[in-house]
Amino acid sequence: MMIDFEKPNELIARMEQKIFCPERPDCKGKLYTGIDLGTANIVVTVLDENKQPVAGALQEARVVKDGLVVDFIGAINIVRKLVQQVEEKLSRSLEEAAVAIPPGTRAEDTRAIVNVVQAVGLEVTNVVDEPTAAATVLGIKDGAVVDIGGGTTGISILRDGHVIYVADEPTGGTHFSLVLAGAYNIGFEEAERLKRDPDKYDQVFPLVIPVIEKVADIINTHIAGRDAGPIFLVGGTACLEGIEKVISRYTGLPTVKPYNPLLVTPLGIAMHC
Ligand code: ATP
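Our subject in this report is the structure included herewith. A quick note: this is a predicted structure, and the numbers were derived from the prediction, not measured.

1. Here we look at the environment of N50
Then, in step 1: Residue position: N50 is located in the loop between β2 (41-47) and β3 (53-60).
Then, in step 2: Residue class for N50 comes out exposed when judged on its relative accessible area of 55%.
Then, in step 3: Spatially, the C-alpha atom of N50 lies 9.0 Å from that of L31, the residues being 19 residues apart in sequence.

2. Remarks on the pairing of β2
Then, in step 1: When you tally the buried positions in β2, you get seven out of seven residues, the bulk of the element.
Then, in step 2: Between strand β1 (residues 32-37) and β2, which pair antiparallel and follow one another directly, the connecting turn spans three residues.
Then, in step 3: Alignment of β2 against β3, held across seven bridges, turns out to be antiparallel. Within β3, the residue paired with V43 across the bridge is L58.
Then, in step 4: Between the end of β2 and the start of β3, which pair antiparallel, lie five residues, with K51 showing a positive phi angle near 60°.

3. Remarks on the side chain of T153
Then, in step 1: Along the chain, T153 falls in strand β9 (residues 153-159).
Then, in step 2: Take T153: its relative accessible area is 0%, and that puts it in the buried class.
Then, in step 3: At a separation of 2.6 Å, a polar atom in the side chain of T153 contacts the main-chain carbonyl oxygen of T171.
Then, in step 4: The residues touching T153, leaving out its near neighbours within four places in the chain, are V146, D147, I148, A167, D168, E169, T171 and V215.

4. Re the pattern of salt bridges
Then, in step 1: Within the structure shown, the criterion is met by nine salt bridges.
Then, in step 2: Among the ionic pairs, R106 bridges to E108, the shortest N-O distance being 3.6 Å.
Then, in step 3: According to the relative accessible area criterion, R106 is partly exposed, its value standing at 47%.
Then, in step 4: The shortest N-O distance in the salt bridge between K195 and E192 comes to 3.3 Å. On the criterion of helical spacing, the pair formed by K195 and E192 is a turn pair, its members being three residues apart in helix α6 (residues 188-196). As far as burial versus exposure is concerned, K195 and E192 are alike and both buried.
Then, in step 5: Taken together, the salt bridges that share partners define one network made up of E60, E192, K195 and R196.

The rules behind each value
- Residues numbered from 1 in each chain as written.
- Predicted model: local features only at pLDDT ≥ 70, side-chain atom pairs only at ≥ 80, totals over all residues.
- Heavy atoms only, no water.
- Helix = DSSP H or I, 4+ residues; strand = E, 2+ residues; numbered from the N terminus.
- Buried < 20%, exposed > 50% of the residue type's maximum accessible area, 1.4 Å probe, protein only.
- Pairing = 2+ DSSP bridges.
- Polar contact = N/O pair within 3.5 Å; in protein donor to acceptor, adjacent residues only side chain to side chain.
- Contact = heavy atoms within 4.5 Å.
- Salt bridge = Lys/Arg side-chain N within 4 Å of Asp/Glu carboxyl O.

Encoded structure:
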């Protein structure tokens with residue numbers, strides 16, 4: 001299936017460059033900031049007044065679990081550190097930010113996420129749901145956005161730009177790493193590194209195919225009979241080369257992913273600031 005991701009891919013690549021390169025852009029005018037508190041990563045993204053990526057910061061963290069803040073002080077400390085990093089890069093202070101929640105998050109859990117961001121001195125301008133943020137970046141209005149993150153797989157069906165169905169199931173990148181840790185008798189962190197090492201791909205991919213099929217089975221369960229359309233993969237686990245082919249084969253649906261799917265939702269959150 002031909003889906004033109006040229007523009008989203010350019011934006012994502014620019015965001016990636018801003019996160020991982022320490023340049024100091026000279027940027028005036030309004031800033032749009034997004035803060036993504038994930039199970040595996042916390043990401044701060046900043047766009048300039050033309051909604052172009054201008055700065056960002058990312059840290060792996062275990063302070064949030066599937067939209068639930070499990071270590072409030074730890075979350076505040078990391079967000080504060082990342083915000084300071086970005087402020088130093090920009091030589092400007094951030095005043096406001098949007099945050100995201102997985103669809104179906106309870107009001108009290110949403111409040112905890114907002115509280116973390118307010119605790120570092122930022123005004124929260126918007127709470128956007130993750131699939132809407134992702135769809136904004138991808139420029140799509142219809143289809144199934146499947147977010148394979150650290151702890152869970154989120155399935156959201158969009159129609160005419162509206163999220164009409166959501167589900168979140170507990171299978172994500174953590175399970176891929178656990179399978180590798182068990183198979184090679186190594187620790188979890190080593191398994192994480194192995195999973196992401198392109199040079200070790202042949203040791204990784206065959207072993208995680210059953211987990212990918214489990215994810216595909218979850219997708220099938222939730223989209224059966226819903227005329228969901230194409231599947232758009234986002235989230236860090238979607239970075240795994242070839243995952244889209246296994247999911248497409250298993251579900252029988254066209255399955256595509258953009259460049260660096262891990263950064264799609266964080267970038268989209270800033271667009272909704
Ligand atoms: P959740 O959505 O469950 O709250 P999160 O938003 O923090 O979690 P992401 O940042 O989207 O999750 O993805 C993190 C997961 O992606 C981790 O399990 C990590 O190991 C995995 N991951 C990151 N890069 C790669 C890669 N190149 N190949 C395979 N997996 C990867």
